[in-house]
Amino acid sequence: MPQPVLGILTLYLNENGMLEERDIYRKMTIAGRKLGLDIIIFTPQDVNYKQNRIHALIYNEASKKWSRKWTAFPHMIFDRCRIQRTYRFDQLLQFRSRYSHLNFLNRPLRNKWTIHRTLMKDSRFKSYLPAAHIAENAQVVSEMLRKHPLIYLKPINGTGGRGILRIERKKSGNLLIQGRDQARRIISPQKINSASLSGYLSAWDLKGTRYIAQQGIHLKLPSGRVHDYRMLVQKNGEGVWSVTGCAGRVGPAGSVTSNLHGGGHAVPMTELLQQWVSDASLVKEIEVDAEQFSINVAKHLEQVYGRLCELALDLAIDRKGQIWLLEVNPKPAREVFAQAGEKEAYHQAIIKPLEYALWLYRQKRNGKAKNTNNNNNSSLTNMDALSKSTIDSA
Ligand SMILES: Nc1ncnc2c1ncn2[C@@H]1O[C@H](COP(=O)(O)OP(=O)(O)OP(=O)(O)O)[C@@H](O)[C@H]1O
Ligand SMILES: [Mg+2]
């Protein structure tokens, strides 16, 4: 019998067919073969819609080469597409909508603001969520600064630490503004008086790009660098949510974000927590709490938005040991574990989606898997998906 085939759905980054995670796909192909799973890589541009065939990219382990091959549709699809403001993203929305009956390992999630509102509705999560509002104008931001001495302004669809402002109200009443622009360049810190905020923000097009103003958590280490944690939860080979790992991230000097792409580096979680939390005896308890919380969030979001196979949560932990959810990432990178020296977590991060795909394949074959094509919001999703103005899901 032929092996099950998993298709990794991705997007080209430019006109030359550049892919963001080719090396991860290579690793997945090698690991998949050992597990009895064939892997093909494709983008919506590689689909022949008339013949329902795919001009897929396939890695050959023996020759160590990538090549193109026309194939049938895979048994399962792992959607790894991240938001990009291009015609390619529109093609993706059409692909997802047209082929929504296929067997996806994961459905798209929503933007930062929608996820915040969804989680706020559940009493289990409330205390983990920093206060947040849609920053439709400078007044909302001023209002938030009255209640919170520190806030972060972030695009609701942003990724990679782009276009983020950290605004701190000092004792004098003046505001210290730091951040990164859309190209992720560090903006030099500025002190302004609160009356000038509106003028300062006029350059930020709060109307055009939707921003969330989120209560900031003080995360500066004694070195002056900010830090946070990346928790990866994934379904395993039994279809059950499990924690794969959690690593600390420390931002570069002068940065208000810790993202690795912005020059941050990864360190083991426990090491960082022990130096940071005032009562070090709480470290184990905090770790367990963070893990349980993350699993619960994954289960809940899956119930609301349809099947998921992995999620990475950006967590902040304050000096008292309180855990805060900064953001949920549906398309996580895995490199943080390799960088933190956590080889086993890195290996698991690569193979768990494959083991889960095999589990799902067997369930489907035995007629046991629930159909998650039509999640609660599917009609809305498809309409959203076709509306070019709504880039609302990754
Ligand atoms: N409320 C906050 N308090 C303190 N630090 C924050 C806050 N929000 C964001 N940060 C810092 O900025 C970083 C980027 O924020 P966030 O993860 O929300 O944006 P992103 O650009 O979507 O990142 P990603 O690369 O994970 O997609 C965080 O990892 C954290 O270091
Ligand atoms: Mg993030």
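Residues numbered from 1 in each chain as written. Chains lettered and ligands numbered in written order. Predicted model: local features only at pLDDT ≥ 70, side-chain atom pairs only at ≥ 80, totals over all residues. Heavy atoms only, no water.

1. As for the sheet that holds strand β7 (residues 132-134)
With antiparallel pairing, the 6 strands of this open sheet are ordered in space as β7-β12-β8-β9-β10-β11. The open sheet has two edge strands, β7 and β11 (186-192), and neither has a second partner. Across the sheet, the axes of successive neighbouring strands diverge by a mean angle of 20°, strand direction being ignored. Where strand β10 (residues 175-180) and β11 come together, 5 bridges link them in antiparallel fashion. (Pairing = 2+ DSSP bridges. Helix = DSSP H or I, 4+ residues; strand = E, 2+ residues; numbered from the N terminus. Axes fitted to C-alpha atoms, helices over the stretch in contact; angles between N-to-C directions.)

2. Here we look at the pattern of salt bridges
Tallied over the full model, the rule gives 22 salt bridges. For Lys27, the salt bridge goes to Asp23, with nearest N and O atoms at 3.2 Å. Here the residue Lys27 and the residue Asp23 both occupy positions in helix α1 (residues 22-35), the gap between them amounting to 4 residues, near one helical turn. One salt-bridge network, held together by shared partners, links Glu20, Glu21, Arg80, Arg82, Glu310 and Arg334. (Salt bridge = Lys/Arg side-chain N within 4 Å of Asp/Glu carboxyl O.)

3. Considering the site of ligand 1
By nearness alone, 25 residues border ligand 1, and Lys112, Gly161, Asp228, Asn259 and Glu327 come closest of all. Within the side chain of Arg249, one N or O atom sits 3.0 Å away from an oxygen atom of ligand 1. Within the side chain of Glu327, one N or O atom sits 2.6 Å away from an oxygen atom of ligand 1. Against a free-state accessible area of 620 Å², the protein chains account for coverage of 96% of ligand 1. When residues of the shell around ligand 1 are traced back to their parent elements, those giving at least two are β8 (150-155), β12 (211-215), β13 (227-235) and β17 (323-329). Residues belonging to the shell around ligand 1 are distributed by class as follows: 6 nonpolar, 11 polar and 8 charged. Counting residues domain by domain, the shell around ligand 1 receives three or more from each of domain 2 (113-127 + 222-365) and domain 3 (131-215). (Near = heavy atom within 4 Å. Polar contact = N/O pair within 3.5 Å; in protein donor to acceptor, adjacent residues only side chain to side chain. Areas by Shrake-Rupley, 256 points an atom, 1.4 Å probe, with all protein chains shown as cover. Nonpolar A, V, L, I, M, F, W, Y, C, P; charged D, E, K, R; others polar. Domains from an automatic or database assignment.)

4. With respect to the domain arrangement of the protein chain
Domain boundaries assigned for the protein chain yield domain 1 (5-104), domain 2 (113-127 + 222-365) and domain 3 (131-215). Domain 1 and domain 3 are separated by 38 Å when their C-alpha centres are compared.

5. Some words on the packing of aromatic side chains
Tallied over the full model, the rule gives 9 aromatic pairs. An aromatic cluster is built from Phe42, Tyr49, Phe73, Phe95 and Tyr99, whose rings are joined through pairwise contacts. In this arrangement the basic side chain of Arg22 is found over the ring face of Trp66, its NZ or CZ atom lying 5.4 Å from the centre. In this structure, Arg319 packs its charged tip against the face of Trp276, placed 4.6 Å from the ring centre. (Phe/Tyr/Trp six-rings, centres within 6.5 Å; stacked < 30°, edge-to-face > 60°. Lys NZ or Arg CZ within 6 Å of the ring centre and 35° of its normal.)

6. Notes on the pairing of β8
The buried count for β8 comes to 6 of 6 residues, which makes it a mostly enclosed element. Both faces of β8 are covered, namely the face carrying Leu150, Tyr152 and Lys154 and the face carrying Ile151, Leu153 and Pro155. As judged from the 4 bridges shared by β8 and strand β9 (residues 164-169), these two strands associate in the antiparallel manner. By the bridge assignment, Tyr152 is partnered in β9 with Arg166. (Buried < 20%, exposed > 50% of the residue type's maximum accessible area, 1.4 Å probe, protein only.)

7. Things to note about the coordination of the magnesium ion (ligand 2)
Only Asp314 (OD) and Glu327 (OE) from the protein coordinate the magnesium ion (ligand 2), and they sit 1.9 to 2.1 Å from it. Here the residue Asp314 occupies a position in strand β16 (residues 310-317), and Glu327 occupies one in strand β17, the gap between them amounting to 13 residues. Of the two residues examined, Asp314 and Glu327, each falls in the buried class. (Donors = N, O, S within 2.8 Å, 3.2 Å for Na, K, Ca; no water.)

8. Side note on the sheet that holds β16
Ordered in space as β15-β14-β13-β16-β17, the 5 strands form an open sheet in which the pairing is antiparallel. Each edge of the open sheet is held by one strand with a lone partner, namely β15 (265-268) and β17. Ignoring strand direction, the axes of neighbouring strands in this sheet form an average angle of 35°. Pairing of β13 with strand β14 (residues 241-250) involves 9 bridges; the strand directions are antiparallel. Looking at the pairing, Arg230 lines up with Ala247 of β14.

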